[in-house]
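# Commentary on secondary and tertiary structure
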Amino acid sequence: MLWDTFIKEIESELDSMERDFLQGATIAKTVCPTDTRMVPKLIESFGPNDKEILDVMSDTVWGKPTLHHGHQVSLSTAQSCRYIKLMKDHFNIVPYKDLDHIVDIGGGFGNMYRILSNLGYKGNYQIIDFPIMHKLQRRYLKRICSDISNLDQIDLDMEKAIPTGKSMLIATHSVNEMPMDVRKKIEPYYKNYDYIFINHNRIFDGIDNIRYFQDLMNMLQSDYQIFDFNCPISQSHWFKLCLRK
Ligand SMILES: C[S@@+](CC[C@H](N)C(=O)[O-])C[C@H]1O[C@@H](n2cnc3c(N)ncnc32)[C@H](O)[C@@H]1O
């Protein structure tokens with residue numbers, strides 16, 4: 001399994017890189033890409049109604065994320081901001097004001113949590129991830145967020161993610177990287193959420209993700225209105241946005 005190797009490498013990078021850990025080769029490859037060419041196109045996709053999001057589209061010095069040379073924004077931050085815009089546009093909600101509970105499966109280095117907090121999100125936020133990724137998220141977030149008391153880090157046990165109030169499940173570039181047995185354990189829990197926000201690629205570790213997520217949407221379609229589209233900015237990615245009927 002690819003992630004078994006990544007975990008060991010991430011552990012050693014976290015041990016050896018106290019401040020600039022987002023520059024670690026595997027950390028960068030998995031959660032904070034150095035190829036930032038897509039950033040200008042992502043920024044172009046924002047309009048006049050997105051001012052609040054654009055206002056927080058910036059990165060920290062801490063961790064040293066790789067920034068796009070011209071825009072001085074990381075790919076992770078530009079993408080996360082775009083996800084928030086897509087939530088607004090398709091679900092017709094302001095996620096940082098209208099949600100009570102967010103479960104972020106595979107939260108990377110915690111950048112989505114940071115950005116939503118900067119936008120004023122105060123609800124519960126649970127990140128499901130490997131223990132070493134929780135360590136990375138704590139290293140990153142503790143230093144830069146004044147209060148992370150609404151953050152709960154849990155392992156991949158969906159029983160521990162109990163949504164309360166208006167809830168959203170986020171799975172961007174995460175479930176599509178999991179082995180099939182792990183995905184199967186998540187499947188019964190999607191219907192606990194009012195909103196589901198998924199972004200996936202074509203194939204990972206031999207699994208046909210186009211087919212997998214189509215089958216998942218077939219399971220959800222009686223209960224959700226589904227927006228299923230290829231990303232116009234990066235055509236190797238697909239969105240599955242589900243809004244409870
Ligand atoms: C490519 S990163 C995506 C990070 C972030 N969601 C984003 O969109 O930038 C994949 C995330 O999924 C997590 N992940 C992958 N396989 C996992 C598994 N089997 N169990 C738990 N988390 C997993 C990784 O640790 C990482 O946080």
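Structure: above.
Reference entry: report on the structure contained in this document. The written sequence of each chain sets the order in which its residues are numbered from 1. Local features in this predicted model are restricted to residues of pLDDT 70 or higher, and side-chain atom pairs are both shown and tallied only at a pLDDT of 80 or more, whereas totals for entire chains, interfaces and linings draw on every residue.

Under the scheme used here, helices are H or I runs from DSSP no shorter than 4 residues and strands are E runs no shorter than 2 residues, and both carry numbers assigned from the N terminus. A tally of helices and strands in the chain yields 10 helices and nine strands. A compact globule built from 245 residues would reach a C-alpha radius of gyration of about 18 Å, and the chain, at 17 Å, matches this within 12%. Dimensions of the chain, computed from the C-alpha atoms along their principal axes, are close to 50 × 45 × 35 Å. Classification of the 245 residues of the chain by burial places 38% in the buried group. We compute the radius of gyration over the C-alpha atoms and compare it with the globule rule, which gives 2.2 Å times the number of residues raised to the power 0.38. Using C-beta atoms placed from the backbone, we call a residue buried if 20 or more other C-beta atoms fall within 10 Å of its own, exposed if 12 or fewer do, and partly exposed for counts in between.

Turning next to the site of the ligand. Throughout this description, a residue near a molecule or strand is one whose C-beta atom, derived from the backbone, lies within 6 Å of it. Not every one of the 17 residues close to the ligand is listed here, only the nearest: Gly-106, Gly-108, Thr-172, His-173 and Ser-174. Residues of the shell around the ligand, tallied by class, amount to seven nonpolar, eight polar and two charged. In this classification, the charged set is Asp, Glu, Lys and Arg, the nonpolar set is Ala, Val, Leu, Ile, Met, Phe, Trp, Tyr, Cys and Pro, and all remaining amino acids, among them Gly, are polar.

Two quantities define a packed helix pair, namely the angle between the helix axes and the distance between the axes. Between N-to-C directions, angles span 0 to 180 degrees; the directions come from axes that are lines fitted to C-alpha atoms, helices contributing only their stretch in contact. As a packed pair, helix α5 (residues 75-91) and helix α7 (residues 111-118) sit with axes 10 Å apart at the nearest point and diverge in direction by 60 degrees. It follows that α5 is oblique to α7 by the angle criterion. Crossing geometry of α5 relative to α7 is assigned as right-handed. In this structure, α5 uses Ser-76, Thr-77, Ser-80, Cys-81 and Ile-84 to contact α7, whose residues at the interface are Asn-111, Met-112 and Ile-115. Looking at the contact of α5 with α7, its residues break down into four nonpolar, four polar and no charged. Roughly parallel here means an angle under 35 degrees, roughly antiparallel means over 145, roughly perpendicular means 65 to 115, and every remaining angle is called oblique. By convention, the crossing between two helices is left-handed when the near helix turns anticlockwise from the far helix through less than a right angle, and right-handed when the turn is clockwise. Once C-beta atoms have been placed from the backbone, residue pairs whose C-beta atoms lie within 7 Å are recorded as contacts.

This part takes up the nonpolar core. For this entry, the nonpolar core is defined as buried Ala, Val, Leu, Ile, Met, Phe, Trp, Tyr and Cys residues connected by C-beta atoms within 7 Å. Met-168, Leu-169, Ile-170 and Phe-197 are the most contacted members of the largest nonpolar core, which totals 55 residues. Ranked by the residues each element gives to this core, the list is headed by α5, at seven residues. Once residues lying within four places of it in the same chain are set aside, the contact partners of Leu-169 are Val-103, Ile-105, Tyr-190, Tyr-193 and Ile-196.

Quick look at the pairing of strand β3 (residues 151-154) now. On β3, burial follows the alternation: Leu-151 and Gln-153 on one face are buried, whereas Asp-152 and Ile-154 on the facing-out side are not. Judged from the four bridges that link them, strand β2 (residues 124-128) and β3 form a sheet pairing that is parallel. Within β3, the position partnered with Tyr-125 by the bridge is Leu-151. Orient the strands so they point away from the viewer, and a crossover whose first-strand-to-second-strand path over the helix runs clockwise is right-handed. Read as a crossover between parallel neighbours, the route from β2 over helix α8 (residues 131-144) to β3 is right-handed. By this definition, two strands are paired if DSSP reports at least two bridges between them.

Before going further, it helps to examine α5. Given a helix with a known number of residues, its expected span is that number minus one, times 1.5 Å. Across its 17 residues, α5 extends 24 Å between first and last C-alpha, which sits within 8% of the 24 Å expected from 1.5 Å per residue. For α5, the buried fraction is high: 13 of the 17 residues fall into the buried class. Note on α5: the residue one or two positions beyond its end, Asn-92, has a positive phi of about 55 degrees.

This part takes up unusual backbone geometry. The backbone of Gln-72 sits at a positive phi, close to 60 degrees, despite the residue not being glycine. Take Gln-72: it is sitting in the loop between α4 (51-55) and α5. At Asp-205, a residue that is not glycine, the phi angle is positive and equals roughly 50 degrees. Considering the arrangement of structural elements, one finds Asp-205 in the loop between β6 (203-204) and β7 (207-208).

Moving on, we get to the sheet that holds strand β1 (residues 101-105). Here we have seven strands laid out as an open sheet, ordered β3-β2-β1-β4-β5-β9-β8, and mixed in their pairing. Only two strands of the sheet have a single partner each, and these edge strands are β3 and β8 (224-230). Across the sheet, the mean angle from the axis of one strand to that of its neighbour is 15 degrees, orientation sign disregarded. As defined by bridge partners, β1 adjoins β2 across five bridges and the pair is classed as parallel. Along β2, the bridge assignment pairs Ile-105 with Ile-128.

Now for the packing of helix α1 (residues 2-16) against α8. Where α1 meets α8, the closest approach of the two axes is 10 Å, and the angle between their N-to-C directions is 35 degrees. Crossing of α1 against α8: the hand is left-handed. In this structure, α1 uses Ile-7, Ile-10, Glu-11 and Leu-14 to contact α8, whose residues at the interface are Ile-132, Lys-135, Leu-136 and Arg-139.

Among the six residues in strand β4 (residues 167-172), six count as buried, and that is most of the element. Going residue by residue along β4, you find Ser-167, Leu-169 and Ala-171 tucked away on one face and Met-168, Ile-170 and Thr-172 tucked away on the opposite face as well. In the sheet, β1 pairs with β4 via four bridges, with the strands oriented parallel. Counted as the bridge partner of Ile-102 is Met-168 from β4. Here β4 runs beside strand β5 (residues 195-200); their pairing, made up of five bridges, is parallel. Residue pairing across strands places Ile-170 opposite Phe-197, the latter belonging to β5.

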